[in-house]
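# Coordinate inspection notes
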Amino acid sequence: MSAVPLGPESLALDCEAELQRIAQWIPQVLTQKLRRRGLVVAISGGIDSSVCAALSVRALGAKKVFGLLLPERDSSGFSTERGRQLAEHLGIEYQVHDIAPALEALGCYQQRDEAIRRVVPAYGEGWKNKIVIAGGVEGGINFFKLVVQSPDGEQQSVRLPLREYLQIVAATNFKQRVRKTMDYYHADRLNYAVVGTPNRLEYDQGFFVKNGDGSADLKPIAHLYKTQVYAMARHLGLPDAICNAVPTTDTYTLPQGQDEFYFALPYAQMDIALWALEHGRSAEELAVALKMTPAQAQRVYDDIRAKRRATEYLAAAPELLPG
Amino acid sequence: MSTIKADVRRYIEENFLLGAGAVSPGDDDSFLEHQVLDSTGFLELVAHLEETYGFKIGDDEMVPENLDSLNAIEAFVQRKQQGVA
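The notes below deal with the structure included here. No experiment lies behind these values; they were computed from the predicted model shown.

Calculation rules
- Residues numbered from 1 in each chain as written.
- Chains lettered and ligands numbered in written order.
- Predicted model: local features only at pLDDT ≥ 70, side-chain atom pairs only at ≥ 80, totals over all residues.
- Contact = placed C-beta atoms within 7 Å.
- Helix = DSSP H or I, 4+ residues; strand = E, 2+ residues; numbered from the N terminus.
- Nonpolar A, V, L, I, M, F, W, Y, C, P; charged D, E, K, R; others polar.
- Buried ≥ 20, exposed ≤ 12 C-beta atoms within 10 Å, placed from the backbone.
- Pairing = 2+ DSSP bridges.
- Axes fitted to C-alpha atoms, helices over the stretch in contact; angles between N-to-C directions.
- Parallel < 35°, antiparallel > 145°, perpendicular 65-115°, else oblique.
- Core = buried A, V, L, I, M, F, W, Y, C linked by C-beta atoms within 7 Å.

In this complex, chain A contributes 13 residues to the contact, which on the side of chain B involves 12 residues. For the side of chain A that touches chain B, the leading source of residues is helix H13 (residues 294–315) of chain A, giving 3 residues. For the side of chain A that touches chain B, a count of residues per class yields 7 nonpolar, 4 polar and 2 charged.

This is the structure we're talking about:
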């Protein structure tokens, strides 16, 4: 066992020092590497994009930051409301652009619903859906379940066959990719750079869409654990509605926590697990910190490593043949 | 080699190894440990087994003990065919 106990205190952050470090880094990157004059930040209403927007304002001033709110048919109204609240709070110029017509034209909703109907034929108008991960934490093999809710509120859950799972994910990925198209339209128009908003957990574990939210010119909080991003939000004095927001994907029509869709555990525990793995702590130590068995802790470590392997290509540059 | 193992080995070679020179897994080699299959790969394998052998694999059967090596798959398929899994 290491001398220093493992726990939430492992993630303690000197927020002011970190804020200063990021606020100095952003203008350096913009002037020396990217040669752009400001930043575009797509604001989802969640904690990560809110902190990125606030850090951008601290670094450059409100006049050099452009906010984008990009709701679609399945976004929660609360998200757009919180996004507006943040933009007003920061005093930045922003635009709300409903991307539902673009997604409709691309067949996003139609392709997704067609795949869902192959599994649940009754699925249609007024139904809601989400995908949840299963298997892995109990020592099984990860697989995905489709949860649907009929208009009268009845829920059913079925394991997704591979083809349908892939089609649903491929169709919903249109959302992140269309949003990125909008980000770059405005970045090109303003001669700005695009901010990517993943936290360390998302970036490390590949929880993003390639050429969607994974695409950006700089990622100012990709080194911060999600717990630290919340601490930074409070330090930055962001509105309570944002500081207290529960992380969701805001991508499917039923409320869906990120831990239901992708991570083995809720983010506060995932943060500790990732920190422990990066600092060479044993599965036994992690087990004590997370109040689980060593075998369960080992499965969490295995899952983290497996996701790294599976998603490595998402953040990589294209492979080239040496010539 | 049994027909089941030969079939699964051929499926793995054709779909996952793609003739890239990787050594085909031994009968007891863990697909996970040898990084032959990731989680999507297991879903593909499950679909293949269901289509080839005409049974449904339950959620609670999606465990390494049933699916993580050629020997494990052979035993699992045989149990399913005999109606004891």
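Now that the structure is up, let's keep going.
Residues and elements named next belong to chain A. Assignment of secondary structure puts serine 56 in helix H2 (residues 47–60). Of the residues examined, serine 56 has 28 C-beta atoms within 10 Å and is grouped as buried. Taking the C-alpha atoms as reference points, serine 56 and alanine 283, separated by 227 residues in sequence, lie 38 Å from one another.

Okay, the pairing of strand E2 (residues 65–69) of chain A next. Residues and elements named next belong to chain A. Where burial is concerned, most of E2 is hidden: 5 out of the 5 residues are buried. Burial of E2 is two-sided: the residues Val65, Gly67 and Leu69 facing one way and the residues Phe66 and Leu68 facing the other way are all buried. Across 4 bridges, strand E1 (residues 39–42) lies against E2 in parallel orientation. Note on E2: the bridge partner recorded for leucine 39 is valine 65.

Before going further, it helps to spend a moment on the packing of helix H12 (residues 283–290) of chain A against H13 of chain A. All names here are of chain A. It is the contact of H12 with H13, at a shortest axis distance of 8 Å, that shows an interaxial angle of 105°. Viewed along their axes, H12 and H13 adopt a mutual orientation that is roughly perpendicular. Mapping the contact onto sequence places Ala283, Glu284, Leu286, Ala287 and Leu290 in H12 and Pro294, Gln296, Ala297, Gln298, Val300 and Tyr301 in H13. Tallied by class, residues from the contact of H12 with H13 come to 8 nonpolar, 2 polar and 1 charged.

Sheet strands associate in pairs through backbone hydrogen bonding, adopting either a parallel or an antiparallel arrangement. Residues and elements named next belong to chain A. Read from one edge of the open sheet, 4 strands run E3-E2-E1-E7, paired in parallel fashion. Bordering the open sheet on either side are strand E3 (93–96) and strand E7 (193–194), each of which pairs with just one other strand. Across the sheet, H2 lies against E1 and E2, angled at about 160° from E1, the strand it touches most.

Residue and element names in this part refer to chain A. The biggest cluster of nonpolar side chains holds 99 residues, and the ones touching the most others in it are Val40, Val41, Val51, Ala53, Ala233 and Ala273. When residues of this core are assigned to their parent elements, the largest contribution, 8 residues, is made by H2. Among residues more than four places away in sequence, those in contact with alanine 273 are Leu265, Leu286, Leu290, Val300 and Ile304.

What follows deals with the packing of helix H1 (residues 15–34) of chain A against helix H8 (residues 226–235) of chain A. Residue and element names in this part refer to chain A. The geometry of H1 relative to H8 is characterised by a closest axis approach of 10 Å and an angle of 90° between their N-to-C directions. The orientation of H1 with respect to H8, classified from their angle, is roughly perpendicular. Facing H1, whose interface residues are Cys15, Glu16, Glu18 and Leu19, H8 presents Ala231, Met232 and His235. Considered class by class, the residues forming the contact of H1 with H8 number 4 nonpolar, 1 polar and 2 charged.

Looking at where glycine 140 of chain A falls in the secondary structure, it is placed in the loop between strand E4 (128–134) and strand E5 (143–149). Residue classification places glycine 140 of chain A among the buried residues on the basis of 20 C-beta atoms within 10 Å. C-alpha separation for the pair glycine 140 of chain A and aspartate 204 of chain A, spaced 64 residues apart in sequence, amounts to 22 Å. Setting aside anything within four residues of it in sequence, one finds glycine 140 of chain A in contact with Gly135 of chain A together with Met62 and Val63 of chain B.

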